Amino acid sequence: MISGGTFGNVDLDWEDPLAARMYRRIARFSRLIRFDRRGAGSSDPLPLDALPPWEGYMEEAVAVMCWAR
């Protein structure tokens, strides 16, 4: 699983030839799941004071990984 991090856009990353090549190579031998943190990237924006703590981000990442099994 690859996260878009705090900044960035998981959709626009595919326009970068090096990133797209890396994602395709990973996807050849595994399942590639990409997502962004709530309030960042392609997600609907949130006010800075409404962003969940990093612990919440990890809970979301675990939930995505469990759902994708």
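Residues numbered from 1 in each chain as written. Predicted model: local features only at pLDDT ≥ 70, side-chain atom pairs only at ≥ 80, totals over all residues. Heavy atoms only, no water.

### Considering the overall build of the protein
Now for step 1: Helix and strand content of the protein: 2 helices and 2 strands.
Now for step 2: Reading the secondary structure of the protein in the N-to-C direction produces β-α-β-α.
Now for step 3: Across the protein, every contact between residues at least 6 apart in sequence was considered, and the portion connecting residues at least 24 apart equals 53%.
Now for step 4: Carbon and sulfur atoms make up 60% of the accessible area of the protein, which totals about 5,300 Å². (Helix = DSSP H or I, 4+ residues; strand = E, 2+ residues; numbered from the N terminus. Contact = heavy atoms within 4.5 Å. Areas by Shrake-Rupley, 256 points an atom, 1.4 Å probe, with all protein chains shown as cover.)

### Things to note about helix 1 (residues 17-29)
Now for step 1: Given a rise of 1.5 Å per residue, 13 residues ought to cover 18 Å, and the 19 Å separating the end C-alpha atoms of helix 1 matches this to within 8%.
Now for step 2: Considered for burial, the residues of helix 1 that qualify are Ala19, Ala20 and Tyr23. What you see down the axis of helix 1 is that its buried residues fit within an arc of 95°, all on one side. Facing away from the buried side of helix 1, by more than 90 degrees, are the exposed residues Pro17, Leu18, Arg21, Arg28 and Phe29. (Expected span 1.5 Å × (residues − 1). Buried < 20%, exposed > 50% of the residue type's maximum accessible area, 1.4 Å probe, protein only. Arc of directions from axis to C-beta.)

### Comments concerning the packing of aromatic side chains
Now for step 1: Applying the stated criterion across every chain yields a total of 2 aromatic pairs.
Now for step 2: Consider the rings of Trp54 and Tyr57, whose centres lie 5.3 Å apart with planes at 90°: the pair is edge-to-face. Of this pair, Trp54 and Tyr57 both sit in helix 2 (residues 54-67), 3 residues apart, which is roughly one turn of that helix. (Phe/Tyr/Trp six-rings, centres within 6.5 Å; stacked < 30°, edge-to-face > 60°.)

### Concerning the pattern of salt bridges
Now for step 1: If you walk through the whole model with that rule in mind, you get 1 salt bridge.
Now for step 2: Close ionic contact of Asp13 with Arg34 constitutes a salt bridge, the shortest N to O distance being 2.7 Å. Of this pair, Asp13 sits in the loop between strand 1 (2-3) and helix 1 while Arg34 sits in strand 2 (residues 34-35); the two residues are 21 residues apart in sequence, bridging distant segments of the chain.
Now for step 3: On the basis of relative accessibility, which here comes to 16%, the residue Arg34 falls in the buried class. (Salt bridge = Lys/Arg side-chain N within 4 Å of Asp/Glu carboxyl O.)

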